[in-house]
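Each chain, letter by letter, is given below.
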Amino acid sequence: MRSQDKNIAAFKKKVVEKMRLPPFNCIQECANPDYQQGSQYSYQLYNIIVLYAKALNRTISEDPSQLRNGSKVIKNTCMTFSGIAGAVTVNSRGQLVPTLIVSITDSAGKPEKILTVDIDNYKANITELLTDPKVLWAHYGGKKPLAVPMCGFEGEKCNNFFAKNLAAVIPVAVVVILVIFLLVALGFHFWRQKIIQEKKINMKWLVPFSALQEVNSKKMEASLSSLQSKQTNRTDFSLMPSISRSDKFDLYMYESDPVVAEKHTTISLIEKSKYTHLRKVSSSNYSSQALEDSRDSRTMFVQK
């Protein structure tokens, strides 16, 4: 704790002690724990009373008849005296002259006063208390920093390529940004076209359920017999299984071809890695296609 703070704390305690004595006789009220020391500004009030008493004594010593002359008393307040927290200075206008103390932390982390600033009206009187640069700038290697940076406050003293070639840098930067934007746009376009192409290829084996026509077994057999009599090269019906509806198979017509669909009671997800394989599974006598039944979320594999 600074010496000024110690003096102020001691004065605040002494205020309560004096209040217990005559003529104040503050006994019961001053016993309250909240009133065991003077107020925050009590020491300043003490300084003002001392200042008034000294100015009044000076006025009386000069001319007793001027005792009630306020202007004369205020004029005589121009003095310096010892207050509770240190020296108190008042100018000729009756204004307190504040003293600002500038401190730093030394290499050991302790506060160190380096100068004081006394402000009187519009004048500032600076008193240096410490001038050793090794102590003042201990945190900067003991060297005083430059008042002006080496490159100036705006970098005007250094060779700044961008600042000197700003007219050329801006167009180049714009061109680079446009090229990057164009590359991103082209990449997105090619990616989108690839996705569209994959969807088109996948539609060759991914059969929408709405494209199937449900038929009964008798019509299917008649259709097969008719197609076999034509000896078409498109489908070898000798490979067709026995045609009958069951819990596992169902009969449909797809693009004028009879097909057998294998039912699945659960949703079967086809991994994307198998898409390429399904696209390749195609021959003149056999093809396997998959469809998703949108009516009851069943998946079927169609054989024709």
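In this numbering scheme, every chain counts its residues from 1 along its sequence in written order. pLDDT decides what is reported in this predicted model: residues at 70 or higher carry local features, side-chain atom pairs at 80 or more are listed and counted, and totals for whole chains, interfaces and linings draw on all residues regardless. Computation of side-chain values covers all heavy atoms of the structure but excludes hydrogens and water.

Some words on the pairing of strand S2 (residues 87-90)
Along S2, the buried face is formed by Val88 and Val90; none of Ala87 and Thr89, which line the opposite face, is buried. For two strands to be treated as a pair, DSSP must find no fewer than two bridges joining them. Numbering goes from the N terminus for both helices and strands, where a helix is a DSSP run of H or I of at least four residues and a strand is a run of E of at least two. Bridging between strand S1 (residues 79-82) and S2 involves 4 bridges; their strand directions are antiparallel. Bridge pairing in S2 links Met79 to Val90. Linking S1 to S2, which pair antiparallel, is a turn of 4 residues; within it Gly86 sits at a positive phi near 135°. A simple rule labels every residue: compare its accessible area, found with a 1.4 Å probe on the protein chains alone, to the largest value its type can have, and call it buried under 20%, exposed over 50%, or partly exposed in between.

Here we look at the pattern of salt bridges
Between Lys or Arg on one side and Asp or Glu on the other, a salt bridge is scored when a side-chain nitrogen of the former is within 4 Å of a carboxyl oxygen of the latter. Going through the model one piece at a time under the given rule, you end up with 1 salt bridge. As a salt-bridge pair, Lys72 and Glu62 come within 3.3 Å of each other at their nearest N and O atoms. A residue pair is termed long-range when its members are at least 10 positions apart, and Lys72 in helix H3 (residues 70-75) and Glu62 in helix H2 (residues 42-62) qualify at 10 residues. Residue Glu62 is classed as partly exposed on the basis of its relative accessible area of 45%.

Structural notes on the pairing of strand S9 (residues 257-264)
Across the 8 residues that make up S9, a large majority, 6, are buried. Two strands pair when backbone bridges link them, and strand S8 (residues 249-254) and S9 are joined in this way by 6 bridges, in the antiparallel orientation. Its bridge partner being in S9, Tyr252 is matched across the sheet by Val259. Taken together, S8 and the strand that follows it, S9, pair antiparallel across an intervening segment of 2 residues, in which Glu255 is found at a positive phi of about 55°.

Examining the layout of surface pockets
To locate leftover empty space, one rolls a probe as large as a water molecule over the atoms. Approximately 690 Å³ is the volume found for the largest pocket. Surrounding the largest pocket, 22 residues form its lining, Ala85, Gly86, Ala87, Val88 and Leu96 being those nearest its centre. Secondary-structure elements contributing two or more residues to the lining of the largest pocket are helix H1 (3-19), H2, S2 and strand S3 (99-105). It is H2 that contributes the most residues to the lining of the largest pocket, 5 residues altogether. Amino acids are sorted into nonpolar (Ala, Val, Leu, Ile, Met, Phe, Trp, Tyr, Cys and Pro), charged (Asp, Glu, Lys and Arg) and polar (every other residue, Gly among them). Of the residues belonging to the lining of the largest pocket, the class tally is 13 nonpolar, 7 polar and 2 charged. For cavity detection a 1 Å grid was placed over the protein atoms alone, and a set of points counts as a cavity when a 1.4 Å probe fits there but cannot get out; an open set counts as a pocket when protein lies on both sides within 12 Å along at least five of seven lines, with lining residues being those that have an atom within 4 Å of a point. Grid points are joined across faces, edges and corners, and a volume is the space filled by probe spheres set on the points.

Points about the confidence of the model for the protein
Looking at the protein, the pLDDT average stands at 78 and 74% of residues meet or exceed 70. Scored below 50 in pLDDT, residues 231-243 makes 25 contacts in the model with residues more than four places away or belonging to other chains. The predictor reports its confidence for every residue as pLDDT, a score running from 0 up to 100. Note on contacts: a residue pair is in contact if any heavy atoms of the two residues lie within 4.5 Å. Low pLDDT, under 50, characterises residues 282-304; the predicted model gives this stretch 79 contacts beyond four residues in sequence or across chains.

Overview of the state of the cysteines
Sulfur atoms of two cysteines make up a disulfide when they are within 2.5 Å. This model, assessed by the stated rule, comprises 1 disulfide. In this model, Cys26 is linked to Cys30 through a disulfide, with the two sulfur atoms separated by 1.9 Å. Judged by the sign of its S-S torsion, about 110°, the bond between Cys26 and Cys30 is right-handed. The class for Cys26 is buried, based on a relative accessible area of 12%. Taking the relative accessible area as the measure of exposure, Cys30 reaches 5% and is therefore buried.

As for the packing of aromatic side chains
Each pair of aromatic rings is reported with the distance of its centres and the angle of its planes. Pairing of aromatic rings covers Phe, Tyr and Trp, the last through its six-membered ring, and needs centres within 6.5 Å; plane angles under 30 degrees mean stacked, over 60 mean edge-to-face, and all others mean tilted. For the structure on display, the rule yields 3 aromatic pairs. On the basis of an interplanar angle of 55° and a centroid distance of 5.1 Å, the ring pair of Phe11 and Tyr46 is categorised as tilted. With Phe11 in helix H1 and Tyr46 in helix H2, the pair connects residues that are 35 residues apart, well separated along the chain. Using a relative accessible area of 15% as the deciding quantity, one classes Phe11 as buried. Summarising the aromatic geometry, the rings of Phe188 and Trp191 are spaced 5.9 Å apart at their centres and angled 35° between planes, so their arrangement reads as tilted. Of the two residues, Phe188 and Trp191 are both situated in helix H6 (residues 166-202); the distance of 3 residues between them amounts to about one turn of the helix.

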